[in-house]
Amino acid sequence: MNKKEPVSLALVIINCACAVIWNINLFVDLAKGSTNTLTFVLHILCAILWDICAVAWVLRYRNCKKGKE
């Protein structure tokens with residue numbers, strides 16, 4: 001049960017790219033002056049959660065690589 005699957009570099013890159021793209025989407029909404037408050041709040045929450053997931057994937061990948069050395 002404690003055995004962890006190795007993390008693919010491709011998955012880390014894709015997840016980080018999606019987090020960056022969503023942050024750009026958030027900044028575009030901010031620049032446009034989004035009138036719908038609910039949508040803007042949901043975009044902020046999604047950006048924060050995706051950033052946390054991207055950092056977690058990077059840290060998991062680094063730990064996986066350290067374990068192989």
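As a starting point, this report considers the structure included with it. (Residues numbered from 1 in each chain as written. Predicted model: local features only at pLDDT ≥ 70, side-chain atom pairs only at ≥ 80, totals over all residues. Heavy atoms only, no water.)

### Re helix H1 (residues 9-32)
Since the α-helix turns once every 3.6 residues, residues separated by three or four places project in the same direction.
Right, on to step 1. Its 24 residues place the ends of H1 35 Å apart at the C-alpha level, agreeing with the 34 Å of an ideal helix rising 1.5 Å per residue.
Right, on to step 2. Of the residues making up H1, those classed as buried are Val12, Asn15, Ala19, Asn23, Leu26 and Asp29.
Right, on to step 3. Along its buried surface, H1 packs onto helix H2 (37-68).
Right, on to step 4. Capping the start of H1 is the job of one residue whose side-chain oxygen sits 3.2 Å from the backbone nitrogen of Ala10: Ser8.
Right, on to step 5. The first or second residue beyond H1 is Gly33, which carries a positive phi of 75°. (Helix = DSSP H or I, 4+ residues; strand = E, 2+ residues; numbered from the N terminus. Expected span 1.5 Å × (residues − 1). Buried < 20%, exposed > 50% of the residue type's maximum accessible area, 1.4 Å probe, protein only. Contact = heavy atoms within 4.5 Å. Polar contact = N/O pair within 3.5 Å; in protein donor to acceptor, adjacent residues only side chain to side chain.)

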